[in-house]
Amino acid sequence: MPLNRPTAPQGSLGPFGPSSDLPLEIGLEKILLFPHKLTGLFSNLTGADQTYPISVELSLTSRCNLSCNFCSDLILRQNCPDNLEISRLKDLFIDLAHGGTRGVTIEGGGEPTISPLFKQAVLTAKAQKLSVGLITNGAELFKGSISKQFYSNFQWIRISLDASNAQQYKLIKGSDRFQAVLDNLAALTTIKPKPVLGLGYVLTNQNDQIDSLIALTETLSQMGADYLHLRPVVDRPNLVSKALPENLSALSRPGFSVNLAAMTDNMGQGNDGLPCLAHSLSVAITADGSVWLCGRLGSNPTEDAMGNLCEASFSEIWRGPRRLKQAKLAAQESFCRLNCPQCRMTKYNRLLNRLSQIKTKDFI
């Protein structure tokens, strides 16, 4: 039962983003739900934590039906063929479930809903009692044998909207499907049981007009969406927005959370000069079967995967020598300072660093 507590005004910035009585579906606080993982991280401060990732980011395809001008996966997509087969995915999901992984996020590289494996992959993961989330551009949700009700298989769905109106959408994503995506979102809100429905929004200098954003949040909240997740553009210095967080805090609506934490949490370069212990919270698997220590480093052509599912099982890769070697590198401050781009894991590493320095551990 939720606690009855006083809340700050909607949109005020707290330690995890805007303060409200609504949970933030994306944010630092979620790590508190996994005490076993925190224990695993602290039991081996070399970075070679052996406990399985809490969730896995799985790319089914490197193909995409849009052409976003801020895409950070272009290099990865050019060098990543679609080699995964449903039999390998079944073996993967059995392995993950046995090892303690809780969820699988079906996401990019490319657009997952256009993969011929999309429906089978979701149902196969569900058969192993894994929770499934989806990150999609939302342009082609309903096609072939995929009905609206199929999407009740997902615990959550986040549509990468990235624009406040049709003009911005065409400029940024090279398509005139803005209204079609909103129509698909409206259809998803009628599903029972309804997944948690969020909208992703990469903030650039082409879509950061505050009046348009306020109008968008009003529209989304009225449609029945649950949250808007704003995050900064990465790897595209010419597109960086100068919008101020205090202005963006005006976007919150009653019953609709606006997560702004990534606008500051995801901005650190070089992992803030800290060792990366948090990489084992999640892992990225690309459409060619490669398993990556870090999804962000996976887009760097100089970095290698830990292994490939076409050659070894996930457990063999996770406990194998290549992962151990990479984990030890990531545990070195000097490596992270030189190699880590802006990354969502930095906020967890900041937390782990603060916790490791507490001297009065027997007291609250």
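Bear in mind that the values here come from a model prediction, so they are computed numbers and not experimental data.

## Remarks on the overall build of the protein chain
So, step 1. Each helix and strand in the protein chain was counted, giving 13 helices and 12 strands.
So, step 2. The buried share among the 364 residues of the protein chain stands at 52%.
So, step 3. Surface summary for the protein chain: the accessible area is close to 16900 Å², and the carbon and sulfur share equals 55%.

## Some words on the packing of helix α3 (residues 86-99) against helix α4 (residues 118-127)
So, step 1. The geometry of α3 relative to α4 is characterised by a closest axis approach of 9 Å and an angle of 25° between their N-to-C directions. Here α4 runs roughly parallel to α3, going by the angle between their axes. For the crossing formed where α3 meets α4, the hand is right-handed. Together, I86, L89, K90 and F93 of α3 and Q120, A121, T124 and A125 of α4 make up the contact between the two elements.
So, step 2. Across the contact of α3 with α4, the residue classes break down as five nonpolar, two polar and one charged.

## What to know about the state of the cysteines
So, step 1. Taken as a whole and assessed by the stated rule, the structure comprises zero disulfides.
So, step 2. The thiol of C336 is unpaired, and the distance to the nearest cysteine sulfur, on C340, comes to 3.9 Å.

## Some remarks on the side chain of N65
So, step 1. One can find N65 in the loop between β3 (55-59) and α2 (74-78).
So, step 2. Since its relative accessible area comes to 19%, N65 is described here as buried.
So, step 3. A polar contact is formed between the side chain of N65 and the side chain of N137, at a distance of 2.8 Å.
So, step 4. Separated by 3.1 Å, the side chains of N65 and E140 make a polar contact.

## Things to note about the pairing of strand β6 (residues 156-160)
So, step 1. Counting buried residues along β6, four of its five residues qualify, which places the element largely inside the surrounding structure.
So, step 2. With four bridges joining them, strand β5 (residues 131-136) and β6 adopt parallel strand pairing. Within the sheet, the bridge partner assigned to T136 lies in β6 and is I159.
So, step 3. In the sheet, β6 pairs with strand β7 (residues 196-203) via five bridges, with the strands oriented parallel.

## Topic: the nonpolar core
Side chains of a nonpolar character, in soluble globular proteins, are inclined to be buried together.
So, step 1. Formed by 67 residues in total, the largest nonpolar core has its most connected members in F118, Y151, L230 and F314.
So, step 2. Ignoring sequence-local partners within four residues, the contact set of F314 consists of Y52, P53, L92, D95, L96, V283, I285, V291 and L309.
So, step 3. Core analysis: the second largest hydrophobic core is formed by 15 residues, I31, L41, L277 and L352 among them.

## Here's the deal with the packing of aromatic side chains
So, step 1. Evaluation of the coordinates by the stated rule reveals 11 aromatic pairs.
So, step 2. Taking the centre distance of 5.3 Å and the plane angle of 75° together, the rings of Y52 and F314 count as edge-to-face. Placement of the pair is Y52 in the loop between α1 (35-43) and β3 and F314 in helix α10 (residues 314-318), with a sequence separation of 262 residues.
So, step 3. With 5.4 Å between their ring centres and 80° between their planes, F150 and Y151 make a pair best called edge-to-face.

## Quick word on the packing of α1 against helix α13 (residues 346-356)
Two measures define how a pair of helices packs: the angle their axes make with one another and the distance between the axes.
So, step 1. Where α1 meets α13, the closest approach of the two axes is 12 Å, and the angle between their N-to-C directions is 70°. When the axis of α1 is compared with that of α13, the two are roughly perpendicular. The crossing of α1 and α13 is right-handed. The residues of α13 that touch α1, namely those facing L38, L41 and F42, are L352, L355 and S356.
So, step 2. The class makeup of the residues in the contact of α1 with α13 is five nonpolar, one polar and no charged.

## Describing the sheet that holds strand β10 (residues 282-285)
So, step 1. What the 10 strands build is an open sheet, ordered β9-β8-β7-β6-β5-β4-β3-β10-β11-β12; its pairing is mixed. Every other strand in the sheet has two partners, leaving β9 (257-259) and β12 (307-308) as the edge strands with one partner each.
So, step 2. With four bridges joining them, strand β4 (residues 103-107) and β5 adopt parallel strand pairing. Bridge assignment links T105 to a residue of β5, and that residue is G133.
So, step 3. Against the sheet, α4 touches β4 and β5, its axis set at about 155° to β5.
So, step 4. Its contacts with the sheet put helix α6 (residues 178-188) on β6 and β7, and the angle it makes with β6 is roughly 170°.

## Examining the pairing of β4
So, step 1. Counting buried positions along β4 yields five of five residues, so the element is predominantly enclosed.
So, step 2. By the alternation rule, side chains of β4 split into G103, T105 and E107 and V104 and I106, which are all buried.
So, step 3. The pairing of β3 with β4 spans five bridges and is classified as parallel. Residue pairing for β4: S59 is matched across the bridge by E107.

## Description of the environment of T346
So, step 1. Its location among the elements puts T346 in helix α13.
So, step 2. By relative accessible area, which is 1% here, T346 ends up buried.
So, step 3. Expressed as a C-alpha distance, the spacing of T346 and Q269, which sit 77 residues apart in the sequence, is 8.8 Å.
So, step 4. Beyond its immediate sequence surroundings of up to four residues, T346 is in contact with D265, G268, N271 and D272.
So, step 5. Side chain to side chain, T346 and N271 meet in a polar contact 3.1 Å long.

What counts, and where the lines are drawn
Residues numbered from 1 in each chain as written. Predicted model: local features only at pLDDT ≥ 70, side-chain atom pairs only at ≥ 80, totals over all residues. Heavy atoms only, no water. Helix = DSSP H or I, 4+ residues; strand = E, 2+ residues; numbered from the N terminus. Buried < 20%, exposed > 50% of the residue type's maximum accessible area, 1.4 Å probe, protein only. Areas by Shrake-Rupley, 256 points an atom, 1.4 Å probe, with all protein chains shown as cover. Axes fitted to C-alpha atoms, helices over the stretch in contact; angles between N-to-C directions. Parallel < 35°, antiparallel > 145°, perpendicular 65-115°, else oblique. Left-handed = near helix turned anticlockwise from the far one by under 90°. Contact = heavy atoms within 4.5 Å. Nonpolar A, V, L, I, M, F, W, Y, C, P; charged D, E, K, R; others polar. Disulfide = S-S within 2.5 Å. Polar contact = N/O pair within 3.5 Å; in protein donor to acceptor, adjacent residues only side chain to side chain. Pairing = 2+ DSSP bridges. Core = buried A, V, L, I, M, F, W, Y, C linked by side-chain atoms within 4.5 Å. Phe/Tyr/Trp six-rings, centres within 6.5 Å; stacked < 30°, edge-to-face > 60°.

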